[in-house]
Amino acid sequence: MKRVYVSRDMASVALGADEVAHAFEAAGCEVVRTGSRGLFSIEPLVEVESEGKRIGFGPVGPADIAAVLDGSHEARLGDVAALPFFAGQQRFTFARCGVIDPLSLKDYAEHGGWRGLETARGMTPQAVVDAVKASGLRGRGGAGFPTGIKWQTVLDAVSDAKFIVCNADEGDSGTFADRMLVEGDPFCLIEGMAIAGHAVGASHGYIYIRSEYPFAIAAMREAIQLSAERTAPFTLEVRVGAGAYVCGEETALLESIEGKRGQVRAKPPLPALAGLFGRPTVINNLLSLAAVPFILAEGAKAYADVGFGRSRGTIPVQLAGNVKHGGLYEIGFGITLGELVNDIGGGTASGRPVRAVQVGGPLGAYFPPSMFDLPFDYEAFAQAGGLIGHAGITVFDDSVDMAHMARFAMEFCAVESCGKCTPCRIGSTRGVEVMDRIIAARDSATVVQAGRNWEGYLQKALNSRTPDRIDTGLEAQTALLRDLCDTMKHGSLCALGGFTPYPVLSALDHFPEDFGAKSPVKEAAE
Amino acid sequence: MSYTRETDHGTPPAISTGRSVTLTIDGDTVTMPEGTSIMRAASLTGCSIPKLCATDNVESFGSCRLCLVEVEGRNGYPASCTTPIAEGMVVRTQSERLKQLRRGVMELYISDHPLDCLTCPANGDCELQEQAGAVGLRDVRYGYDGATNMGQAKDRSNPYFDFDPSKCIVCSRCVRACDEVQGTFALTIEGRGFDSRVSPSQGRDFLSSECVSCGACVQACPTATLTEKKVVEIGTPDRAVVTTCAYCGVGCTFRAEMRGEELVRMVPWKDGKANHGHSCVKGRFAWGYAQHRDRILKPMIRASVDEPWREVSWEEAIAHTASEFRRIQAKYGTRSIGGITSSRCTNEETFLVQKLIRQGFGNNNVDTCARVCHSPTGYGLKTTFGTSAGTQDFDSVMQADVILVIGANPTDGHPVFASRMKKRLRQGAKLIVIDPRRIDLVKSPHVEASHHLPLRPGTNVAMLTALAHVIVTEKLYDEAFIRDRCDWDEFAEWADFVSEPQRSPEAVEPLTGVKATEVRAAARLYATGGNGAIYYGLGVTEHSQGSSTVMAIANLAMATGNIGREGVGVNPLRGQNNVQGACDMGSFPHEFSGYRHVSDDAVRGQFEQAWGVTLDAEPGLRIPNMLDAATDGTFKGIFIQGEDILQSDPNTHHVAAGLAAMECVVVQDLFLNETANYAHVFLPGSTFLEKDGTFTNAERRIQRVRRVMAPLNGHADWQIVQLVAQAMGLGWSYAHPSEIMDEIAALTPTFAGVHYDRLDAEGSLQWPANDAAPDGTPTMHIGGFVRGRGKFVVTDYVPTDEKTGPRFPLLLTTGRILSQYNVGAQTRRTANAAWHPEDRLEIHPNDAENRGISDGDWVSLKSRAGETSLRALITERVAPGVVYTTFHHPDTQANVITTDYSDWATNCPEYKVTAVQVMRSNGPSDWQRDYAEQARHSRRIAPLEAAE
Amino acid sequence: MSDENEVMSTEDRLIYMANQIARNVAALGEAEAVAMTADHIRAFWDPAMKQRIALLAAARPGALSPIAAAAVGRVVAL
C-alpha cells in the first residue's frame, strides 16, 4: 500500500486538500495528514513515499490521483525540501511542520521531539533561564523584549502559584505562523511551555487561541491530551478568544482568560509579577515558546549563531497579500525586505509593480520599494519608523490607494478598540473622519477654503459649533492627522492605539501624493 | 467653613511596606512611601498633574491619558497614576511636549462632549471643564459633525440623581466606585470602542437595576453625567459644613453643602474616619425629612388625648410641662415620673435628659432605646471584658482574616461598613455567617461565605457553645493568650462545661437545624484561620438569651486569643446613630455616665457635688417596668425625647395601655409619631442639621455634629431640655453644647480628654480618651482587659418560653432593610419609599403553598400578643418554618405581634423569636383599621389663637 | 409555657423575671446562682420592684424557683 502525505492545515483544506486526501484513500492509499509545508502556491501538496523518499506533487486536484501515483503528473516537484523556497530557509521552529503527523507522539519523538524538555529537566531552573537568555531569543509577538529576562523576573517572583500563558490570538491580517504551528506541530508548543514551566516554577499553562481557528483549537486540545503524561506534572488548557483583536494584547488577554471584559490593564504591575489571577505569569507569543525546544535541544549557541545585530535566531516570516509565492519562510534575522518580497515572494501575484509592503500586520508601517534594502532586524525597523511585529508581510501593487489604507488603519483601530483609553477610543473614530476629509479634499477639484467670512467676531463666538469654524482644508486636516497620530502614539494605553499611527504616518510620509500633497512632504522621516 | 473642594491625590495611599523612596519631581527632591504613584507623590508635594480617570478612593486605571509625565531615562510618556515612584527617579510633570500631548487628548474629549457649560448643572464644579482649562485647550479642530455619543436620553429613574449619558467621558470612575468602594457591581461598560457606555445592570435603568443608591458613582463622576437632582434643581453649593450623619451607628462624616440657608446635598467626607468618603442611600440622600411638611414646629398641649392638639407658645408649653411633673410628683411620689433619652439626639442632649431626671426629677427612672437593642451588649461585654462597647475601630476589619457575622445584616443595616467588610472579603478574608436568613453577604458579587449556618431563631447560645465545644475539644484554643490574659481556672471551668457531649455540634443539630459538619468546619476556620473578628447585631441581643449570647461570643474571642489587637475583636454593630453615646451618657436607670453604678457612693458623691443635690442610690425603672408601673397606677408621667416607643417597643397593646394610664406624657420629636397619639404635651424637636453637639458611633468614636441651619422650631433640643429644667427650678445656663461636653468630661473618666477644640482639630476621638490614652483608643484591651483579667462566663442554653405549637407553628423574626431606618419616621418621609413602600412578610415557598398563599397576597400574622396584616413575599431567603418582616411602617405595626418575653439580664425584648400563624386574609386587620382611625383622631391640631 | 398563654400581668411578670434570671445562672451551681441572682436583682431592679417581689414570694409560695426564692430572700433581708 502506498503511503501519501497530504496537509490537514486549514489553508490547504481551503484549497481542496480534504478532497485530494479522500481520493487517495479511495484509491487504496495510506494517507498521512501532516501540517503544511508553508508554500501555498503548491497546495494542495501531495508527497508520495517511495523507497524511503518523499516525492512532492502540487498543486494537485482529486482528479489527478492516477497521474500522481504513476509519477506522470506535470506538477511533480521532486524533493520538496530541495525547492528553492525551502532550501534557503533555516527551519529551527518549523522543522517538523509539514513533515510529520502532528498528532503522532511517535513521529514527534522520532523527529527530535522532547529532547529540549529532557535537557531542561536535567538542568536547574536558573540554568534553563540562562540558556534562553544566552540564545538571544526576543519576544516574537512584536515588542522584541528579551524572553530570558522576562522569565528571570517570573523565576525570581515569590508566589503560591505561577502561570505560563501562550498568546496564540493571532489576529493580524496576513499572519498565520501560529496557526500553522499549532495545526502542524502542536507538541512543539507544548514542549516549549513545559520547559517554561520548569524554568520559572509554574505548574499550569493556558494557550489562548482565537475562535477563528477551529482546526488549531481541536488539534491543540487533542495534543494536550495525548502528551499529558509526558509533560506532567505540568498541565495545560486551551482558552478560546471571543473575537476581539485587542485580546491579543497581553493584559487584555489575561483579563479575558480570567473571564472578564477584554480590556487592557495599565502596567505596572508587569504580568511577570502580577499577571493571571494576580500571580507571576510568563506570557509569551506562541513563536517565542515554540523556539525554546530547539534552544534547549541544540544549545543556546546554535540558536544565537544565526541572526543579525541584536536580533538573534530565526524569524518565521509570513508572506501574504498580492504576492506570487505566499507562505511561511523561516530564516535568520538580517535578510532584507527586498529579498523577501522579490526574490522569495517572486513579486506581486498580479504581475504589476510592487508599490508598498506592510510589515507587522494592520498596525505595521508601509514601506516603498525604495526602502527594500532594509534588513529584518528589530532595531533597523524601529529606526526606519516601522516594526517587525509578528513578521507578517503584506504586499500591494501599484493600484493601491495609500490614503484609503491610512483610513483603513484608523477604521481598524476604531472597530477593535476596547474603549478604555481616550486616544484610541475617540481618536480612531476622529482619525477616520479626518481621513475622509482629506480624501474628499484630495478628490475635489477645488480646495475647500476654511471658514466663510463672517461679519465680526461675535457671530463666530455665538456659533462656536458651526462647521465654518473648522478648517477642512487639506493642509489643516493633514496637520491635524499628524497631531492626532502623535496623541495616539504617545498617549495610548496599549499598542492598538499606539501603533495605529505607524501605517497612517508611513503612508503619509512615503506616499504623500495619495494624500493630495503636490510635492513630497519634507521632513517626512520624523 | 467656605466651600472648597477636597484635595484629590488621584490614587489611594500605598500599602505600607515600611520603606520609602526618594525621587525628584520638577526639580524638588521628595521622599515618599514605596508604592506611591507618581501622581500622588506629585500631588502631595503640591504639584498637580492633570487627570480625569484618577481619583484617590479607587485604584488607578490609566485610561484618560491626561496625566502623562516624562521620566528621565525612560521611553515614552508614562501615565503618572499607574507608575509607582522609584529610587532616584527624575520626573517632569510639565513640559511643552506634555502640554501638547495633554491638549491633544483633551481635544478628543471635547470633540465628543456637549458645550452647554453655561446651562450645565456641573458648571463650575466639573473636572472636565477644569482640566480643559488647565491644559489650555482653545480649539477643537475635529469639528462637530462627526460621530458623537451625545443626544442620548437621560435616565431620571432614580429619585435622587440623574444619569445623562451625553456628558459621559467613559472614565469608568462610577463603575470602579461601584465595584471597589461600594462592592455592589451594579454598573458596567457596555459596548466597545467609541460605543463604550456606562450602563446599570445590563441595560436597565438605575431604579430597577441592582444599584443601591449609595451615591459612590455620583461622587466619583467628574462631569454632570451623574448629578444629584438637588444640584440640578438648586445649583452648585457655595459653602460646606462638616457634620455627622444621623442615621445608623456607623457614624459617617458628611459635608453638608449649602447654598445660602438651603441644603443642596450631603457629600461623604473623605477625612471621615468611619466612612472614608463613602456613604449609603440614607445618609447621602434621605435627609429631606428635615424639611418635610409633616414636621411639627410649634409646641402643643392638650388636657386629654381625646382632644385635638392646641398650639401654644414655648413659654406656655414649658411651664405646663414643669407644673404637670411637679404636680404628679406631689401627688404620687418622687418616683412616679421618669424619662427616656434618645439615641438619635446628641451626647450632650442625652446627658441633659438624664441629668434632668436624676437632678430634677430626683430619681433614676431614665432609660433609653438601647433597652430594646443593645442593652445585652452593655451587660455582656462589661461582665466579660469590663467595658460596654465594641473592641475595635472599623478599619480593623481590613486586617481580619476570618470574619464571623452573627445576627447582623450589615449590607442593609450598616451599609458603609459592609462595603469595607466586602472589600476585605474580596481581598481573600474568609466569612462565616450565622443567621436564620440567607442575608446578602452569604452570596453576592465576588463575596461568598465559606460557611452559612442557618440556625433556627432562638438557638444562638446552643450554636456558639457548639463552636466552643469544637475549639476546646479539638484543642484549637490559644493557651498562651488565656494564661496571660484571663483566669485559667475560670477558663477550665468553662472548658469543662462546653466540652460536655450534650453541647457538641452533633448533639445540638436537631435543635439548631444546622449540620454538625458545617459547625465543626466553621469553628476550625474561626480558631485557626488567622485574625478572627466577630461582628454581631440585634440578631444576637434581641433574644431572651441576648446577654448570654454576647458573653458566649466574648468567650469564643478570648479562647482563641482574638482580642486586643487590630483585625480581631468583638464588634457590636450599633443600630442608631448615637446608641453608643446614649449608653455612655448614663441613660440606663442603674448607671451614671461612663457605666458607673448609681450605688457607688464615690461616683454618686461626685455628681451630687457637681449638681448640688442628693441623688437616688437605687436603680430606677426600665422602660417595660415603667409601663408596668403605669398600668398598675404608680407611674404617672414621662418625658420622651426622640423615641417612638409605641411603634418600636414590643407588644404594642401593652405599651398603649401603659401610656394611656399616665397623666402627663411629654413627647419631643420631629413628627407626631405614634407615641404622640397618647401624649399631652408635644415639644417640637430639631434635626441634626439644626444643632451643635456630638454623636458616638459603634467604634466609640466621638464626632462633631455641626449646625448647618437655624432650627426650624426655634430651639435646638438641648435648649428645650434646658428650658424644662429651668422651669423646674434647676439653675442650668449652658450657652453652647461644648459647655455640656466639658461637664461630661469632668464627670466621666473615659471622656476626660474630650473637648470640642480637640474634636474640631482632630476630627474625632475614640473613648477612652484621657490621660492614660491621650489620643483615644482605637483598639481596646491591648495588653490587658479593662476589668483586669478577661472573664469566661458559663453560658447555659436556656431555651425561650416562646415556642411554636399547633396554634402558632411558625417562628417570626424581624429586621430592617437598606432604604428604611428603624420605625421609618425619617426615611418614610423621603423618596426612599420608592424602594420599600410597605413591610412584607417573607415566607418560604413550602409554608406559603401549605397555606394557599401566593406572592403579594394579603396575609394575617397572628401571635399570642396580637394580630396584623401585611402582604406576603415568597422567598427562599428564609428557611421553612421561619417568617420574617421589617418594622418600618406604622400601618403594619409588626410589634403588635411581638411578645413581652425579653432578655433575662436586661429585659431587651425578644423581637427575633415570636411564634406565629400566617393565614390568607382580605386586607388590613380590624385593629389596623381602628388604629388608623384613632391615630387620625389623635393628630388633630387646633391652630394657635390670635397671639401670633 | 404553652402557646395558649396570653400576655402576663405585672405580678406574673416580676415572678417570671426573677425565675428567668435564676434559670440562666443555674449552671453555675446553686450557691453561686443564688448569689448571682440576688446581685442581679439588687443592681438592676427599682426599689418598688424589689419590695413587690418580696411580697409576692411570701404570698405565692412555690411561684419562685428555689434559687430565685433564696435570692429574693437575700435581697430583702438586706
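If you're wondering where the values come from, they're calculated on a predicted model, not measured in any experiment. (Residues numbered from 1 in each chain as written. Chains lettered and ligands numbered in written order. Predicted model: local features only at pLDDT ≥ 70, side-chain atom pairs only at ≥ 80, totals over all residues. Heavy atoms only, no water.)

A.B. asks: Can you help me understand the overall build of chain B in this one?
C.D. replies: Across its full length, chain B holds 29 helices and 37 strands. Over its C-alpha atoms chain B spans a radius of gyration of 29 Å, differing by no more than 12% from the 30 Å that the globule rule assigns to 948 residues. Seen through its principal axes, chain B has C-alpha atoms that stretch 90 × 80 × 65 Å. Expressed as a percentage of the 948 residues in chain B, the buried residues total 67%. Taking contacts inside chain B between residues at least 6 apart in sequence as the whole, the part at least 24 apart equals 73%. As displayed, chain B has an accessible area near 30200 Å², and 50% of this comes from carbon and sulfur atoms. When the 95 basic and 115 acidic side-chain charges of chain B are each reduced to a single mean position, those positions are 3 Å apart. (Helix = DSSP H or I, 4+ residues; strand = E, 2+ residues; numbered from the N terminus. Rg over C-alpha atoms; globule rule 2.2 N^0.38 Å. Buried < 20%, exposed > 50% of the residue type's maximum accessible area, 1.4 Å probe, protein only. Contact = heavy atoms within 4.5 Å. Areas by Shrake-Rupley, 256 points an atom, 1.4 Å probe, with all protein chains shown as cover. Lys, Arg positive; Asp, Glu negative; His and termini not counted. Charge placed at Lys NZ, Arg CZ, Asp CG, Glu CD.)

A.B. asks: Where do I start with the interface of chain B and chain C in this structure?
C.D. replies: How big an interface is tends to be expressed through the accessible area that disappears when the partners come together. Contact with chain B, which involves 38 residues of that partner, is made by 29 residues of chain C. When the two sides are added together, the surface that chain B and chain C hide from each other amounts to roughly 3100 Å², 48% of it contributed by carbon and sulfur. Area buried by chain B at its contact with chain C is led by Asp801(B), Arg864(B) and Trp904(B), which between them contribute 22% of it. Our enumeration of links across chain B and chain C arrives at four salt bridges. Among the ionic pairs, Glu618(B) bridges to Lys50(C), the shortest N-O distance being 2.6 Å. On the surface where chain B and chain C come into contact, there are 11 residue pairs in polar contact (both at pLDDT 80 or more). A total of four residues in the side of chain B that touches chain C trace back to one element, the largest contributor, which is helix α22 (residues 623-632) of chain B. (Buried area = accessible area lost by both parts, 1.4 Å probe. Salt bridge = Lys/Arg side-chain N within 4 Å of Asp/Glu carboxyl O. Polar contact = N/O pair within 3.5 Å; in protein donor to acceptor, adjacent residues only side chain to side chain.)

A.B. asks: I keep staring at unusual backbone geometry and nothing clicks. Help me out?
C.D. replies: A cis amide bond links Ala232(A) to the next residue, Pro233(A), at an omega of 5°. The residue Pro233(A) is located in the loop between α11 (214-231) and β8 (235-240) in this model. That bond from Pro268(A) to Pro269(A) is cis: its omega, 5°, falls within 30 degrees of zero. Following the sequence through the fold, Pro269(A) ends up in the loop between α12 (250-257) and α13 (271-274). In this structure, Ser172(B) is a non-glycine residue whose phi angle is positive, near 70°.

A.B. asks: Help me out: how do you make sense of the sheet that holds strand β10 (residues 253-259) of chain B in this one?
C.D. replies: Within a sheet, neighbouring strands are paired by backbone hydrogen bonds and run either parallel or antiparallel to one another. Residues and elements named next belong to chain B. The three strands are arranged β9-β10-β11 in an open sheet whose pairing can be described as antiparallel. The two strands at the open ends of the sheet, each matched to only one other strand, are β9 (239-244) and β11 (262-268). Taking each pair of neighbouring strands and ignoring which way they run, the sheet shows an average axis angle of 30°. (Pairing = 2+ DSSP bridges. Axes fitted to C-alpha atoms, helices over the stretch in contact; angles between N-to-C directions.)

A.B. asks: Help me understand the interface of chain B and chain A, please; the structure alone is not making it clear to me.
C.D. replies: Listed as interface residues are 42 residues of chain B and, on the opposing side, 38 residues of chain A. Contact between chain B and chain A buries roughly 3200 Å² in total, counting both sides, with carbon and sulfur atoms accounting for 52%. At the junction of chain B with chain A, the criterion picks out two salt bridges. A salt bridge links Arg97(B) to Asp486(A); the nearest nitrogen and oxygen atoms lie 2.5 Å apart. For the interface between chain B and chain A, the tally reads 18 residue pairs in polar contact (both at pLDDT 80 or more). Only α2 (96-111) and β6 (187-190) of chain B provide two or more residues apiece to the side of chain B that touches chain A. By residue number, the principal contributor to the side of chain B that touches chain A is α2(B), which donates nine residues. Class assignment of the residues belonging to the side of chain B that touches chain A gives a composition of 20 nonpolar, 13 polar and nine charged. (Nonpolar A, V, L, I, M, F, W, Y, C, P; charged D, E, K, R; others polar.)

A.B. asks: Help me out: how do you make sense of helix α18 (residues 402-416) of chain A in this one?
C.D. replies: Side chains that are three or four residues apart share a direction in an α-helix, a result of its 3.6 residues per turn. Taking 1.5 Å of rise per residue, the 15 residues of α18(A) would be expected to cover 21 Å, and the 21 Å separating its terminal C-alpha atoms lies within 8% of that figure. Three or more residues of α18(A) are buried, namely Met402(A), Ala403(A), Met405(A), Ala406(A), Ala409(A), Met410(A), Phe412(A), Cys413(A), Ala414(A) and Glu416(A). (Expected span 1.5 Å × (residues − 1).)

A.B. asks: Could you clarify how one ought to interpret the arrangement of the chains in this entry?
C.D. replies: Most contacts, when the two pairs of chains in contact are compared, are made between chains A and B. Structurally, chain A and chain C remain out of contact, their C-alpha atoms never closer than 49 Å.

A.B. asks: Just checking my understanding: could you explain the UniProt feature "domain: 4Fe-4S His(Cys)3-ligated-type" (unreviewed entry) in chain B for this structure?
C.D. replies: Feature annotation in UniProt assigns "domain: 4Fe-4S His(Cys)3-ligated-type" (unreviewed entry) to the following positions: residues 97-136 of chain B. With 60% helix and 0% strand, residues 97-136 of chain B has its two end C-alpha atoms placed 13 Å apart. (UniProt positions renumbered as here; feature names shortened; annotations may be inferred.)

A.B. asks: Help me out: how do you make sense of the pairing of β9(B) in this one?
C.D. replies: On a regular strand, one side chain projects to one face of the sheet and the next to the other, so that they alternate. Residues and elements named next belong to chain B. With five of six residues buried, β9 lies mostly within the body of the structure. Note that β9 and β10 share six bridges and pair antiparallel. For Val241, the partnering residue across the bridge sits in β10 and is Ala256.

A.B. asks: Any chance you could explain helix α2 (residues 17-26) of chain A here in plain terms?
C.D. replies: All names here are of chain A. When α2 is considered as a whole, its buried residues turn out to be Ala17, Val20, Ala21, Ala23 and Phe24. Taken down its axis, α2 places every buried residue within 160° of arc, on the same side. Where the residues of α2 are buried, they touch β1 (3-7), α1 (10-14), β2 (30-34), β3 (46-50) and α3 (65-69). Among the residues trailing α2, Gly28 stands out with phi positive, at a value near 85°. (Arc of directions from axis to C-beta.)

A.B. asks: I tried to follow the side chain of Thr346(B) on my own but got confused; where do I start?
C.D. replies: All names here are of chain B. For Thr346, the location among the structural elements is in the loop between β14 (337-341) and α9 (347-361). From its side chain, Thr346 meets the backbone nitrogen of Glu349 in a polar contact 3.0 Å long. With residues up to four places along the chain from it excluded, the contact list for Thr346 reads Asn578, Lys691, Asp692, Gly693, Thr694 and Phe695.

A.B. asks: For this particular structure, what's the right way to read the packing of helix α1 (residues 10-25) of chain C against helix α2 (residues 30-44) of chain C?
C.D. replies: Pairs of packed helices are described in terms of their axes, by the angle between the two and the distance that separates them. Residues and elements named next belong to chain C. Interaxial distance between α1 and α2 falls to 9 Å at its minimum, and their mutual angle equals 140°. In terms of orientation, α1 and α2 fall into the oblique class. Between α1 and α2 lies a crossing whose hand is right-handed. Side by side, α1 and α2 meet where Ala18, Ile21, Ala22 and Val25 of the first sit next to Ala33, Met36, Thr37, His40 and Ile41 of the second. Of the residues assigned to the contact of α1 with α2, the class counts are seven nonpolar, two polar and no charged. (Parallel < 35°, antiparallel > 145°, perpendicular 65-115°, else oblique. Left-handed = near helix turned anticlockwise from the far one by under 90°.)

A.B. asks: Help me understand the domain arrangement of chain A, please; the structure alone is not making it clear to me.
C.D. replies: All names here are of chain A. Here chain A is partitioned into domain 1 (3-85), domain 2 (105-304), domain 3 (307-397) and domain 4 (402-525). Facing 10 residues of domain 1, the contacting portion of domain 2 comprises nine residues. Of the roughly 750 Å² buried where domain 1 meets domain 2, counting both sides, 65% is carbon and sulfur surface. Contact with domain 2 buries area across many residues of domain 1, yet Arg8, Asp9 and Met10 alone supply 58% of it, more than any other trio. At the boundary of domain 1 and domain 2, one finds one salt bridge. Between Arg179 and Asp9 there is a salt bridge, with its nearest N and O atoms 2.9 Å apart. At the junction of domain 1 and domain 2, the tally comes to two residue pairs in polar contact (both at pLDDT 80 or more). Taken together, the residues that form the side of domain 1 that touches domain 2 break down as four nonpolar, three polar and three charged. (Domains from an automatic or database assignment.)

A.B. asks: I would appreciate a short explanation of the pattern of salt bridges in the present structure.
C.D. replies: Any two side chains of opposite charge can pair, so long as their charged atoms come close to each other. A complete count under the given rule lists 101 salt bridges over all chains for this structure. Glu258(A) serves as the salt-bridge partner of Arg265(A), at 2.8 Å between the closest nitrogen and oxygen. Across the pair, exposure class does not vary: Arg265(A) and Glu258(A) are buried alike. One salt bridge connects Glu96(B) with Lys99(B), and the closest N-O pair in it is separated by 3.2 Å. Here Lys99(B) and Glu96(B) lie together in helix α2, a separation of three residues that amounts to about one turn. The class of Lys99(B) is partly exposed, set by a relative accessible area of 36%. Connected through salt bridges with shared partners, the residues Glu6(B), Asp125(B), Glu228(B), Arg255(B), Glu257(B), Arg265(B) and Arg284(B) form a single ionic network.

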